[in-house]
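Examination of the molecular architecture
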Amino acid sequence: METRKALCDALASGPVSGPDLAEELGVSRNAVWKQVEELRESGFEIESTDAGYRVVSVPEFCGSAVEYGLDAPYEIEYHEAIDSTNARARELAKAGAGRVAVLAGEQTAGRGRLERAWSAPSGGIYLSIVLRPTMTPMQAPLLTLAGAVATTRALREAGVDAGIKWPNDILLASSGEKLVGILTEMEGEADRVSWVVCGIGVNANVDAAALPEGATSVREQVGDIDRRVFTQRLLEEFTTLRADPDAILDRWREHALTLGQRVRVETGAGDVVGRALDIESPGRLVIGTDEGEVRVHAGDCEHLRPV
Ligand code: BTN
């Protein structure tokens, strides 16, 4: 997969000859030829010209299609259908992988927060990014916020009026219907994260009728999108945010629907009701209640109508 990613990178910047590719990738010319054949088999149209290999067209949605022209350091493991991209990403993370993203167009046993099932019909974008960040487990929720911001930006670029409900649901701003869910899982010790899997499920090119009540899809709002380009934009935005962790909270505030709203947050210690005032690192919501400010780390958040 590593050579394939490097080959996609090289081909994306124009025609390039077999010998030049072999030198650039540090492999034999035969290995280059084999990889090019594999790309052709996966649906790439690649011409052999005097100037070298030239990509004429890219398949709609698969691992190499997303890697082609991707300005982010991830190899993509693609499955047309899989039980859960998070389950697969966890396996890879436990085996030592990093900088890989598992991508699927359908999940048969998608997992949601709080042990719930996540409905993931064919046509969606189900993405689990494996990360090995240098941070403490306490700081890891920042990565989920970054995932939410990156996905919201990609949705807005696609013309969908999306915003974030604390902590990391992405909703259609006008109706509050859910477009995206995020499930982050991790392993580590008290002072050091070993790996994080950030799992993002986008209701993309699916009929709303195939989704649970209260959910909508990109298809329903603006029509079908190019899932390849959307996934690339998401991964690129995510990479930009990771490079500037101090900016994540500000970007989250800019894309949030929750701030300023009356909310009820169900926490393990009971419900907190009040006005959502702010977010604090690494993801605590500050709620102004009749008894003063309360800070919540996690929980189910409901936007209430103003009284
Ligand atoms: C939620 O809102 O409850 C979170 C849903 C997270 C769903 C995504 S889809 C990709 C990844 N794989 C899974 O099994 N779950 C996450």
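It should be emphasised that the depicted structure is a prediction, and the values quoted were computed from it without experimental measurement.

Right, let's get into the site of the ligand. For the ligand, the set of nearby residues contains 20 residues, the closest of which are Ser-84, Gln-107, Arg-111, Arg-113 and Lys-178. Between Gln-107 and the ligand, the recorded distance is 2.9 Å, taken from a side-chain N or O atom to a nitrogen atom. A breakdown of the residues in the shell around the ligand according to their chemical character gives 6 nonpolar, 10 polar and 4 charged.

Okay, the pairing of strand β13 (residues 292-296) next. In summary, the side chains of a regular strand alternate between the two faces of the sheet. Pairing of strand β12 (residues 284-289) with β13 involves 5 bridges; the strand directions are antiparallel. Of the residues in β13, the one forming a bridge with Leu-285 is Val-296. Hairpin connection from β12 to β13: 2 residues lie between these consecutive antiparallel strands.

Mapped onto the present numbering, the UniProt feature "domain: BPL/LPL catalytic" (unreviewed entry) falls at residues 61-246. Spanning residues 61-246, this segment combines 28% helix with 26% strand, and its end C-alpha atoms are found 33 Å apart.

Ile-129, Leu-155 and Leu-235 are the most contacted members of the largest nonpolar core, which has 58 residues in total. With 9 residues, the single largest contributor to this core is helix α6 (residues 141-157). The residue makeup of this core includes at least three contributed by each of domain 2 (63-255) and domain 3 (262-304). Of all hydrophobic cores here, the second largest spans 16 residues; its members include Val-36, Ile-46, Tyr-53 and Tyr-68.

What counts as what
- For every chain, the first residue of the written sequence is number 1, and numbering continues from 1 onward in sequence order.
- Reporting of local features is limited, given that this is a predicted model, to residues whose pLDDT is at least 70; pairs of side-chain atoms are given and counted only at 80 or more, and all residues count toward the totals for whole chains, interfaces and linings.
- Values shown for side chains rest on all heavy atoms present in the structure; no hydrogens or waters enter the calculation.
- Residues are labelled near a given molecule or strand when at least one of their non-hydrogen atoms is within 4 Å of it.
- In protein, a polar contact means a hydrogen-donor-capable atom and an acceptor-capable atom, both N or O and within 3.5 Å, with residues adjacent in sequence counting only if both atoms are side-chain atoms; elsewhere, any N or O pair within 3.5 Å suffices.
- Residue polarity follows a fixed list, in which Ala, Val, Leu, Ile, Met, Phe, Trp, Tyr, Cys and Pro are nonpolar, Asp, Glu, Lys and Arg are charged, and the others, Gly among them, are polar.
- Strand pairing is assigned whenever DSSP identifies at least 2 bridges connecting the two strands.
- Going along the chain from the N terminus, every DSSP run of H or I of four or more residues is numbered as a helix, and every run of E of two or more is numbered as a strand.
- UniProt positions are given in the numbering used here, feature names are shortened, and annotations may be inferred rather than shown by experiment.
- Put simply, a nonpolar core is a bunch of buried Ala, Val, Leu, Ile, Met, Phe, Trp, Tyr and Cys residues held in one set by side-chain atoms that sit within 4.5 Å of each other.
- For each residue, the accessible area found with a 1.4 Å probe, counting protein chains only, is set against the maximum for its type, and the residue is called buried under 20%, exposed over 50%, and partly exposed in between.
- Domain start and stop points were drawn from an automatic or database domain assignment.

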